[in-house]
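# Inside the fold
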Amino acid sequence: MRRLILLLILSAVLSSFSAAQSTPQPVSISVDPGLELSFNSIRALVGPEKTANTLNFLATRLALKMDIIEYLSVEVLAGFHYAYASDPLDFTSMPLSLRWDREKFSGLLLGLAASSEPLTMDYFSLKVRGEFTWAMEKEKTWEIELPSVSGEATGDNAFSLLTLDVTVQYDGFTGVTIFAGPRLNLLNGTFTAAESIIDLQGQQEFSYRQKNFFAVLAGAVIEMGGNWELNVKASLLGRTELSLAVFYIF
């Protein structure tokens, strides 16, 4: 339901921006490549008992930013990540109880983002950016060695993250644009563990989502000379994020 609400909000905002433009804008696509490094920590509620935990992930992503028209940009994101839960997870509904203690999972991280700057007044502007991120993690395998039998355990952590940022930008400084505003987050994921010991099979899943819906975001875009641009941003409260991104602007 929260994902549907956020999608409806994003759709309504972007639709209103489109309707506000009285003169059609010519389509002129430019592509700017970039590299992003980020650390994210999201407080989550895990399982049917909604146990408090935290999902942490470190990501490295390549980005292709495409300016479609003056008021609309699209980003394609692809990279690699490591993710883990900060507190142990106990899987007890299996032949042999299994504990994950900060087990790290890795895999691809894919994303798609759209942003718009519909309102501008002197040095101030309003920017809206929505992003969907999907983690494709590689399954982990552990060997089970008992005195008389052996087996295998597997684990997986799959999640997606939907983000909506609404920020006010100020570009009155030479070569630097600063921004700040609220951030909305929707996290959905599943921790899955399975075991196979001779003829005994078992599997258990814990679904999880974000504990807090809202966060605050701030950062800066810095022109580094030539065609290079550095993006720095940080968020707090519902989601802690620290990220650096470098873009080459054609």
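Everything that follows concerns the structure shown earlier in this document.
Below is a short write-up of the structure. (Residues numbered from 1 in each chain as written. Predicted model: local features only at pLDDT ≥ 70, side-chain atom pairs only at ≥ 80, totals over all residues. Heavy atoms only, no water.)

### Things to note about a nonpolar patch on the surface
Here is the rule we go by: Patches were defined on residues exceeding 30% relative accessible area and lacking a salt bridge, with like-charge contacts within 9 Å and nonpolar side-chain contacts (Val, Leu, Ile, Met, Phe, Trp, Tyr) within 5 Å. The accessible surface values rely on the Shrake-Rupley method and a 1.4 Å probe; as for residues, cover is taken only from the protein chains in view. Whenever Lys or Arg places a side-chain nitrogen within 4 Å of a carboxyl oxygen from Asp or Glu, that contact is recorded as a salt bridge. The way it works is that DSSP assigns letters per residue, a run of H or I at least four long becomes a helix, a run of E at least two long becomes a strand, and they are numbered from the N terminus.
Taken together, the side chains of Phe-39, Leu-58, Phe-80, Tyr-82, Leu-108, Phe-132, Trp-134 and Met-136 define a hydrophobic patch exposed on the protein surface, amounting to about 760 Å² of accessible area. Elements with a contribution of two residues or more to the nonpolar patch: strand S3 (72-85) and strand S7 (124-137). A per-element tally of the nonpolar patch places S7 first, with 3 residues. Here Phe-39 shows up in strand S1 (residues 30-46).

### Remarks on the layout of surface pockets
Stated precisely, the cut-off is as follows: With a 1 Å grid laid over protein atoms only, a set of points is called a cavity when a 1.4 Å probe fits there but cannot get out and a pocket when it is open yet has protein on both sides within 12 Å along at least five of seven lines; lining residues have an atom within 4 Å of a point. Grid points are joined across faces, edges and corners, and a volume is the space filled by probe spheres set on the points. Amino acid classes used here: Ala, Val, Leu, Ile, Met, Phe, Trp, Tyr, Cys and Pro are nonpolar; Asp, Glu, Lys and Arg are charged; the rest, including Gly, are polar.
Here the largest pocket is characterised by a volume of approximately 880 Å³. Forming the boundary of the largest pocket are 41 residues, of which Lys-65, Lys-127, Gln-169, Val-221 and Asn-231 lie nearest the centre. Here the lining of the largest pocket is composed, by residue class, of 16 nonpolar, 9 polar and 16 charged. Taken as a whole, the second largest pocket holds about 210 Å³ of empty space. Considering the residues around the second largest pocket, the lining is formed by Val-46, Gly-47, Pro-48, Glu-49, Thr-51, Ala-52, Asn-53, Asp-87, Pro-88, Leu-89, Asp-90 and Phe-206. Going through the elements one at a time, strand S2 (51-69) and strand S4 (89-91) are the ones with two or more residues in the lining of the second largest pocket. The leading source of residues in the lining of the second largest pocket is S2, at 3 residues. Grouping the constituent residues of the lining of the second largest pocket by class yields 6 nonpolar, 3 polar and 3 charged.

### Here's the deal with empty space enclosed by the protein
One pass over the structure, following the stated rule, counts 3 cavities of 30 Å³ or more. The volume enclosed by the largest cavity comes to roughly 130 Å³. Around the largest cavity, the lining comprises 16 residues; the ones closest to its centre are Arg-61, Glu-131, Thr-133, Arg-239 and Glu-241. If you list the elements that add at least two residues to the lining of the largest cavity, you get S1, S2, S7, strand S9 (150-173) and strand S14 (239-248). Its residues assigned to classes, the lining of the largest cavity comprises 4 nonpolar, 4 polar and 8 charged. What the second largest cavity holds in volume is close to 50 Å³. Taken together, the residues that form the lining of the second largest cavity break down as 7 nonpolar, 1 polar and 3 charged.

### A look at the nonpolar core
As a reminder, the rule being used: In plain words, nonpolar cores are sets of buried Ala, Val, Leu, Ile, Met, Phe, Trp, Tyr and Cys residues tied together by side-chain atoms within 4.5 Å. Exposed residues in this analysis have more than 50% of their type's maximum accessible area, buried residues have under 20%, and partly exposed residues fall in between, with area computed by a 1.4 Å probe over protein chains only. Throughout, a contact is declared for two residues whenever any of their heavy atoms are within 4.5 Å.
Judged by nonpolar contacts, the single largest core of 26 residues is most densely connected at Phe-57, Phe-91, Trp-100, Phe-159, Leu-187, Phe-191 and Tyr-208. Here this core gets 4 residues from one element, more than from any other, and that element is strand S10 (residues 176-197). Residues within four places of Phe-57 in sequence aside, it is in contact with Ser-38, Phe-39, Asn-40, Ile-42, His-81, Tyr-82, Ala-83, Leu-109, Phe-159 and Leu-161. Residues Val-128, Leu-162, Leu-184 and Leu-186 belong to the second largest nonpolar core, which totals 6 residues.

### A few points about the side chain of Lys-233
Rule in force here: Only four residue types enter the tally: Lys and Arg on the positive side, Asp and Glu on the negative side; His and the chain ends are excluded.
Among the structural elements, Lys-233 can be located in strand S13 (residues 228-237). For the buried Lys-233, which has no salt bridge, the nearest side chain bearing the opposite charge is Glu-241, at an N-O separation of 4.3 Å. Ignoring anything within four residues of it in the chain, the contact list for Lys-233 reads Glu-36, Arg-129, Phe-179, Arg-183, Leu-217, Ala-218, Gly-219, Glu-241, Leu-242 and Ser-243.

Bear in mind that shape data such as this cannot, by itself, settle questions of function.
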